[in-house]
Amino acid sequence: MAVKRALVMHPKDNVATTVEEIQPGDQVKVSGGGEVRSVAAVEAIPFGFKIALEEIPRGATIRKYGETIGKAGRPINRGALVHIHNLDGTRARGDLEGREKQ
Amino acid sequence: MSFLGYPRPDGSVGTRNYVLVIPQGLIAKSIGDFVAGVRTIQTVDHGSGRTANDRECIARVLIGLGRNPNVASVIVHAASPGVGYPELKTERLADEIAAGGKRVEVIDPARDGGVYGAIAKGIRLARMMVYEASKLRRVEVGNEHFCLGVKCGYSDTTSGIAGNPAVGYLFDKIVGAGGTCFFGETTEIIGAEHVLAKRAANPQAAKAILDAVAHREALAKSTGLDIRTINPVPANIKGGLSSLEEKSLGAIHKAGTSTIQGVLQYGERPKGKGLYFVDCWMGSLSIFAGYAAAGSNLVMFQLGGGGLAGRDLMEGCPSIVAPFLWCTANPNTFKMAQDNIDFYSGTVITDGEDPQEAGERLYRTVIDIASGTLSRSETLLHTDPIDLSLEEPRF
């Protein structure tokens, strides 16, 4: 089983950025933001994409750089790819305007 | 802490030494086709059907480019007398550029024997002006004379991790030396504005940052669209960025950690030195023309490029008058487009290089290019028209 690398930008983050191509089952060594952790990838994650460092329930805040980058649109498993299919941006969402007003 | 540059009468210092032609008609380009060392502003927007605010913005950019420290002298091509908008009158443009102390000449088809006559006069003038400019010599000047502008584009996750932090280090170093730096792209600080507002020099500057974002976000919402169908752009998403907030939080790293003195309009010259946010659109040529109009003597494009398959030639734009540097931290982009890239910091990701060391390498690259080494894009003649950042509807 290959050991791959990912970078976490801030100790409060629940995602890390992969700096290698990750295959399902790879152990991903996560460094930066304090301690070095290891997470098993549950699916393929391309270079420069994000891996979940913990279980993230639907609606929970997703943090990178110690700040909010969106909310989980569906439950996200530890070791899963985090991208537009399961992360919803919350800013400048004209499509949600009407719904918010109702 | 110095570079070799061309001192100008207004106290600014150029990194280049051009004669600039400001057109009110496309024939002005003919002068640059004949005379070496000439730059011609090429924009498709000449104010027709534009509001007074937008016409003033066009005038601000034309005057600002004329006053740019990289310009030794200027030829203004007159609009037909009596038909121009007041903001764009030839005399106004010429007078406000000349106020900076440099030589300004006007060519005017109505007075100079028609279009053919005006071209002939322009070619004669330009040859003389280029010759005069060539007598100037670079001198060693302090880094307080730097005026840098940066945008990040085709961003991917390498931008926030390794590309922008190197630029941020450079910005801190130049601001620390008393120089001036610009960053902008209002849409691309949405979600990060609270971080920037905390770094403002005073409450007015903080409010201006928050107001610029509120205005831009309200415009975005008024479209009724999910912003992710517009920005992050498809290349960002292909490169691993998942939301506008994520893009913004990575983007602000290019501005370093210095105090933000204030918010400038597109093309507006700052009153003092230091770090400024420019309230503008992201378009590559548009934003760099605005920075150069505000006084930038060197501009940088921090490229992600993870979503750019097959792009091995990057654009340049001589008419911006500021040398244009391409930087990337994406190893794949660097491999694909190596002969376009002036600076590479993917080593932060692949070899564990300290971002500060990368920033120090970038600093040395910038000093070198400011002092006369060509940026890669300056080896291209290809140019695209500048798309000015105008905000109001056309009629």
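Please read these numbers as outputs of a predicted model, since none were measured by experiment.

Remarks on the overall build of chain A
- Within chain A one finds 1 helix and 9 strands.
- If you list the helices and strands of chain A from N to C, you get β-β-β-β-β-β-β-β-β-α.
- Relative to all contacts within chain A whose residues are 6 or more apart in sequence, the contacts with residues 24 or more apart total 46%.

Re the interface of chain B and chain A
- In this complex, chain B contributes 28 residues to the contact, which on the side of chain A involves 23 residues.
- Classifying every residue of the side of chain B that touches chain A by side-chain character gives 10 nonpolar, 11 polar and 7 charged.

A few points about the sheet that holds strand E6 (residues 61-64) of chain A
- Overall, antiparallel pairing links the 3 strands, which are arranged E6-E7-E9 (chain A) in an open sheet. Across the chains shown, the open sheet's two edge strands, defined by having one partner strand only, are E6 and strand E9 (87-88) of chain A.
- As paired elements, E6 of chain A and strand E7 (residues 67-72) of chain A share 4 bridges and run antiparallel to each other. Considered in E7 of chain A, the bridge of Ile62 of chain A is made with Gly70 of chain A.
- Here helix H9 (residues 244-251) of chain B sits on the sheet and contacts E6 and E7 of chain A; the angle it forms with E7 of chain A, its principal contact strand, is near 165°.

Re the pairing of strand E2 (residues 15-18) of chain A
Residues and elements named next belong to chain A.
- In the sheet, strand E1 (residues 3-7) pairs with E2 via 2 bridges, with the strands oriented antiparallel. Its bridge partner lying in E2, Ala6 is registered against Thr18.
- Where E2 and strand E5 (residues 50-52) come together, 3 bridges link them in antiparallel fashion. Paired with Thr17 across the strands is Lys50, a residue of E5.

Digging into the domain arrangement of chain B
Residue and element names in this part refer to chain B.
- Domain boundaries in chain B define domain 1 (18-135) and domain 2 (143-379).
- Using C-alpha coordinates to define each centre, domain 1 is positioned 29 Å away from domain 2.
- Each side of the interface is counted separately: domain 1 has 15 residues, and domain 2 has 15 residues.
- Taken together, the elements giving at least two residues each to the side of domain 1 that touches domain 2 come down to strand E3 (18-22), strand E4 (38-40) and helix H2 (52-67).
- If one sorts the elements of the side of domain 1 that touches domain 2 by residue count, H2 sits on top with 5 residues.
- Residues belonging to the side of domain 1 that touches domain 2 are distributed by class as follows: 8 nonpolar, 5 polar and 2 charged.

Notes on the nonpolar core
- By size, the foremost hydrophobic cluster in this structure holds 145 residues, and its most contacted members are Ile51 of chain A together with Leu20, Phe288, Ala292 and Ile320 of chain B.
- Counting residues per element, this core draws most heavily on helix H5 (residues 157-176) of chain B, which supplies 9 residues.
- Looking at this core, you find at least three residues from each of domain 1 (18-135) and domain 2 (143-379) of chain B.
- For Ile320 of chain B, the contacting residues outside a window of four places in its chain are Leu285, Phe288, Ala289, Ala292 and Val299 of chain B.

Some thoughts on helix H10 (residues 284-293) of chain B
Residues and elements named next belong to chain B.
- Within H10, 10 of the 10 residues are buried, leaving the element largely enclosed by the surrounding structure.
- Burial in H10 covers these residues: Ser284, Leu285, Ser286, Ile287, Phe288, Ala289, Gly290, Tyr291, Ala292 and Ala293.
- Within two residues after H10, Gly295 carries a phi angle of roughly 115°, on the positive side.

Focus: the environment of Ala133 of chain B
Residue and element names in this part refer to chain B.
- Relative to the helices and strands, Ala133 is located in helix H4 (residues 114-134).
- Using a count of 19 C-beta atoms within 10 Å as the deciding quantity, one classes Ala133 as partly exposed.
- Along the sequence, Ala133 and Asn17 sit 116 residues apart, while their C-alpha atoms lie 6.8 Å from each other.
- Beyond its immediate chain neighbours, meaning those up to four positions away, Ala133 contacts Asn17, Val19, Gly37, Ala72 and Ser73.

Observations concerning the sheet that holds strand E9 (residues 180-183) of chain B
Residues and elements named next belong to chain B.
- The strand order E10-E11-E9-E8-E12-E13-E14 describes an open sheet built from 7 strands, whose pairing is parallel. Only two strands of the sheet have a single partner each, and these edge strands are strand E10 (260-265) and strand E14 (343-344).
- Looking at chain direction, E10 and strand E11 (residues 274-279) are connected through 5 bridges and run parallel. Directly across from Leu264, in E11, lies its bridge partner Val278.
- Contacts from helix H7 (residues 203-222) reach E10 and E11, with the element oriented near 45° to E10.

Description of the packing of H2 of chain B against helix H3 (residues 90-98) of chain B
All names here are of chain B.
- Between H2 and H3, whose axes approach to 9 Å, the crossing angle comes to 40°. In terms of axis orientation, H2 runs oblique to H3. Taken as a pair, H2 and H3 cross one another with a handedness that is right-handed. Where H2 approaches H3, its residues Ala59, Leu62, Ile63, Gly66 and Arg67 are matched on the opposing element by Leu93, Glu96 and Ile97.
- Tallied by class, residues from the contact of H2 with H3 come to 5 nonpolar, 1 polar and 2 charged.

Calculation criteria
Residues numbered from 1 in each chain as written. Chains lettered and ligands numbered in written order. Predicted model: local features only at pLDDT ≥ 70, side-chain atom pairs only at ≥ 80, totals over all residues. Helix = DSSP H or I, 4+ residues; strand = E, 2+ residues; numbered from the N terminus. Contact = placed C-beta atoms within 7 Å. Nonpolar A, V, L, I, M, F, W, Y, C, P; charged D, E, K, R; others polar. Pairing = 2+ DSSP bridges. Axes fitted to C-alpha atoms, helices over the stretch in contact; angles between N-to-C directions. Domains from an automatic or database assignment. Core = buried A, V, L, I, M, F, W, Y, C linked by C-beta atoms within 7 Å. Buried ≥ 20, exposed ≤ 12 C-beta atoms within 10 Å, placed from the backbone. Parallel < 35°, antiparallel > 145°, perpendicular 65-115°, else oblique. Left-handed = near helix turned anticlockwise from the far one by under 90°.

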